[in-house]
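Observations on the three-dimensional arrangement
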Amino acid sequence: MRKFKKDNGAELELYNKDCIKGMAGLREKSVDVIVTSPPYNLGIVYTKYNDKVHRLDYMRWMTRWAKAAMRVLKDDGSLFLNVGSKPSDLEVPYLLIAVMRKAGFEMQNVIHWVKSIAINKVEVGNYPGITKDIVVGHYKPINSNRFLNDCHEYIFHLTKDRNVKLDRLAVGVPYQDKSNVGRWHNADRDVHCRGNTWFIPYDTINSSKDRPHPATFPIELTRRCIRLHGLERAKVVMDPFLGIGSSAVACAELGTSFIGFEIDKVYFDQACERVKGFDISNCTKEE
Ligand SMILES: C[S@@+](CC[C@H](N)C(=O)[O-])C[C@H]1O[C@@H](n2cnc3c(N)ncnc32)[C@H](O)[C@@H]1O
């Protein structure tokens, strides 16, 4: 285990360990928020983990970690489960809904993480700031005459009873038409709920060596999930599938304590480096 302390209060514990074994060592109901992206069993080439096992074995294993997550999550906690698919195998996210329900979770919200979007000027009409067709964001293009490029993934917001209060305005957006400020119930400031389509692009990379892991999510994805749950109430955040530590970096920045597990030593070391390299790293004490 490597532990990092930041001067903003964040304590980060990173374990090079199987997450089911790791979670067994945590206290029951000790985690406020889980933000994670498990392997999707789509044949992604990781350096250690085999991402193409029999579907039934995958579902059994997913049920085991989901039950472990259920045990450590507080009753008013949130689990944000990021999951995607590929055009030739679109079912994984839908199968995982059944798995999560079997473990006791309820679906409180479905968020669509939009990686890329095209907006045609003609469809938005006379809209301030939009003067021409726009295409923003990145996706992996596929060569097919049957399937569409895959420009989104899901973030399933799972809770124990679908009754967890959220801080919607913490991730809200300003009113386009300022005359709406004060008009609607609760609209006493220039911000309203963003809704469930979140455009979060990947950073632009120039070469494959800038991609040290095949399946990361942007740091902003974790940041937004934590803020939506409520930063004040997110005292302990966990990512059982740490990868190269995108969720850990978000917590280091937000000042939230964090626990992460990763079985692959190569990715684990990179996660530690990223947390260490965060720009308040001169205050980092490694134990
Ligand atoms: C989709 S990636 C997560 C990437 C991460 N969100 C990021 O941005 O870096 C899933 C990760 O889970 C790891 N993994 C697979 N099985 C695991 C297990 N039993 N315990 C902990 N980590 C595991 C894989 O090595 C892989 O790095």
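Coordinates for the structure precede this section.
Described in the following lines is the structure provided in the data block. Each residue is numbered by its place in its chain's sequence as written, counting from 1. Only residues with pLDDT of 70 or above have their local features reported here, since the model is predicted, and side-chain atom pairs are shown and tallied only from 80 upward, although totals for entire chains, interfaces and linings are computed over all residues. Here the side-chain values reflect all heavy atoms present in the structure, with hydrogen atoms and water set aside.

1. Some thoughts on the pattern of salt bridges
Within this document, salt bridges are pairs made up of a side-chain nitrogen of Lys or Arg and a carboxyl oxygen of Asp or Glu, the two lying within 4 Å of each other. A complete count under the given rule lists 14 salt bridges for this structure. Residue K3 pairs with E13 through a salt bridge whose shortest N-O separation is 3.8 Å. One end of the pair, K3, is in strand 1 (residues 2-5); the other, E13, is in strand 2 (residues 11-15), with 10 residues separating them in the sequence. Exposure categories follow from relative accessible area, calculated using a 1.4 Å probe and restricted to protein chains: below 20% of the type maximum is buried, above 50% is exposed, and the middle band is partly exposed. K3 gets classed as buried once you look at its relative accessible area, which sits at 16%. Between E220 and R223 there is a salt bridge, and its shortest N-O distance comes to 2.7 Å. Here R223 and E220 lie together in helix 5 (residues 219-229), a separation of three residues that amounts to about one turn. Through salt bridges with shared partners, a single ionic network connects E220, R223, R224 and E253. Segments assigned H or I by DSSP are reported as helices when at least four residues long, segments assigned E as strands when at least two residues long, and all are numbered from the N terminus.

2. A word on the side chain of T36
Of note, T36 is situated in strand 3 (residues 31-36). Among the residues examined, T36 registers a relative accessible area of 0% and is labelled buried. From its side chain, T36 meets the backbone nitrogen of F241 in a polar contact 3.5 Å long. Here a polar contact means two N or O atoms within 3.5 Å. Within protein one must be a hydrogen donor candidate and the other an acceptor candidate, and residues neighboring in sequence count only if both atoms are side-chain atoms.

3. Considering the nonpolar core
Where a protein is soluble and globular, its nonpolar side chains tend to be buried together. We call a set of buried Ala, Val, Leu, Ile, Met, Phe, Trp, Tyr and Cys residues a nonpolar core when their side-chain atoms join them within 4.5 Å. Residues M23, W65, L79, M100, F105 and M238 are the most contacted members of the largest nonpolar core, which totals 41 residues. For this core, the secondary-structure elements that each account for two or more residues are helix 1 (19-24), strand 3, helix 2 (55-72), strand 4 (73-83), helix 3 (92-102), strand 8 (152-159) and strand 11 (257-261). Once residues within four sequence positions are removed from consideration, W65 is found in contact with C19, I20, M23, T36, P38, L79, L81, M100, P240 and F241. A10, I155, F217 and A271 belong to the second largest nonpolar core, which has 30 residues in total. Any two residues whose heavy atoms approach within 4.5 Å at even a single point are treated as in contact.

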